[in-house]
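# Inside the fold
Given next are the chains, with one letter for each unit.
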Amino acid sequence: MPDTVVVSEWDAELFHQRVLELEREGYVARRESYRITAEMNPETGLVSHVHSMELWRESDAG
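The structure reproduced in this document is the subject of the present report. Everything numeric in this text was worked out from a predicted model, so none of it was measured.

### Side note on the nonpolar core
- The biggest cluster of nonpolar side chains holds 8 residues, and these are Val7, Phe15, Val19, Leu22, Tyr27, Ala29, Met53 and Leu55.
- When residues of this core are traced back to their parent elements, those giving at least two are α1 (12-24) and β3 (47-58).
- Top element by residues in this core is α1. It accounts for 3 residues.

### A short note on the sheet that holds strand β2 (residues 28-40)
- The 3 strands are arranged β1-β3-β2 in an open sheet whose pairing can be described as antiparallel. Two strands close off the open sheet at either side, each with one partner strand: β1 (2-9) and β2. Within this sheet the neighbouring strands show an average axis-to-axis angle of 20°, counted without direction.
- Bridge count between β2 and β3: 9 bridges; the pairing is antiparallel. Pairing of Ala29 across the sheet is with Leu55, part of β3.

Rules used throughout
- Residues numbered from 1 in each chain as written.
- Predicted model: local features only at pLDDT ≥ 70, side-chain atom pairs only at ≥ 80, totals over all residues.
- Heavy atoms only, no water.
- Core = buried A, V, L, I, M, F, W, Y, C linked by side-chain atoms within 4.5 Å.
- Buried < 20%, exposed > 50% of the residue type's maximum accessible area, 1.4 Å probe, protein only.
- Helix = DSSP H or I, 4+ residues; strand = E, 2+ residues; numbered from the N terminus.
- Pairing = 2+ DSSP bridges.
- Axes fitted to C-alpha atoms, helices over the stretch in contact; angles between N-to-C directions.

Below is the structure:
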């Protein structure tokens, strides 16, 4: 059974760093799940873009 992780970040640079880190750990990015949505940041009250993508890898328990 695959493990699935969703990466979601307000900051594009942090988003891409996290995706690369997970790929180095063996996760595979589901590129078709990549989304950029406009949402209000609860910390600042400003509308900004949220980057999100699913990544998966085969479970070790599997």
